[in-house]
Amino acid sequence: MADLGTSNPDFKIEVSLNGQQRNLHVKPDETSDSVEYFIVFDDENELTQIRLESEGKWEQLWGELSEEDVNTIGEAITKKTKDGNS
């Protein structure tokens, strides 16, 4: 996985959550053992923290979003980071 902490410090994504278009701010970070995760903000409020598990599934570390919303955000993060559009 790319070291997003240095190459793409923060970026924005647009997703549809519960039928509403949302512009979210994403901040990549790492755990103390170098596992990458993403802190997602809605305006100034932290909405969730998610990471991509080794089996390719997005996992919510913090927050109360549905699995569907976590996957929607995760897919947008994947697209943004793979396209290099941050």
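Residues numbered from 1 in each chain as written. Predicted model: local features only at pLDDT ≥ 70, side-chain atom pairs only at ≥ 80, totals over all residues. Heavy atoms only, no water.

**A look at the sheet that holds strand β2 (residues 20-30)**
Move 1: Strand order across the open sheet formed by 5 strands is β1-β2-β3-β4-β5, with antiparallel pairing between neighbours. Of all strands in the sheet, those bounded by a partner on one side alone are β1 (11-17) and β5 (58-63). Neighbouring strand axes in the sheet, compared pairwise and without regard to direction, differ in orientation by 35 degrees on average.
Move 2: Running at roughly 145 degrees to β1, helix α2 (residues 67-83) makes contact with β1, β2, β3 (36-42), β4 (45-52) and β5 of the sheet. (Pairing = 2+ DSSP bridges. Helix = DSSP H or I, 4+ residues; strand = E, 2+ residues; numbered from the N terminus. Axes fitted to C-alpha atoms, helices over the stretch in contact; angles between N-to-C directions. Contact = heavy atoms within 4.5 Å.)

**Here's the deal with the nonpolar core**
Move 1: Formed by 16 residues in total, the largest nonpolar core has its most connected members in Ile13, Leu24, Ile73 and Ile77.
Move 2: Looking at this core, the elements with two or more residues in it are β1, β2, β3, β4 and α2.
Move 3: Excluding its chain neighbours within four sequence positions, the residues that come into contact with isoleucine 77 are Phe11, Ile13, Val26, Phe38, Val40, Ile50 and Trp58. (Core = buried A, V, L, I, M, F, W, Y, C linked by side-chain atoms within 4.5 Å. Buried < 20%, exposed > 50% of the residue type's maximum accessible area, 1.4 Å probe, protein only.)

**Section: the environment of isoleucine 13**
Move 1: Within the secondary structure layout, isoleucine 13 lies in strand β1.
Move 2: Judged by relative accessible area, which is 5%, isoleucine 13 ranks as buried.
Move 3: Sequence spacing of isoleucine 13 and alanine 76 is 63 residues, and the spatial spacing of their C-alpha atoms is 6.5 Å.
Move 4: Residues contacting isoleucine 13, with those up to four places away along its chain left out, are Arg22, Asn23, Leu24, Val26, Ile73, Ala76, Ile77 and Lys80.

**Topic: the packing of aromatic side chains**
Move 1: The final tally for this structure, using the stated rule, is 2 aromatic pairs.
Move 2: Relative to phenylalanine 38, the ring of phenylalanine 11 has its centre 6.5 Å away and its plane inclined at 70 degrees; by these criteria the two rings are edge-to-face. Taken together, the positions of phenylalanine 11 in strand β1 and phenylalanine 38 in strand β3 put the pair 27 residues apart, joining distant regions of the chain. With respect to burial, phenylalanine 11 and phenylalanine 38 carry one shared label: buried.
Move 3: Their ring planes at 55 degrees and their centres at 5.9 Å tell us that phenylalanine 38 and tryptophan 58 sit as a pair that is tilted. Highlighted residues: phenylalanine 38 in strand β3 and tryptophan 58 in strand β5, separated in sequence by 20 residues. With respect to class, phenylalanine 38 is no different from tryptophan 58; both count as buried. (Phe/Tyr/Trp six-rings, centres within 6.5 Å; stacked < 30°, edge-to-face > 60°.)

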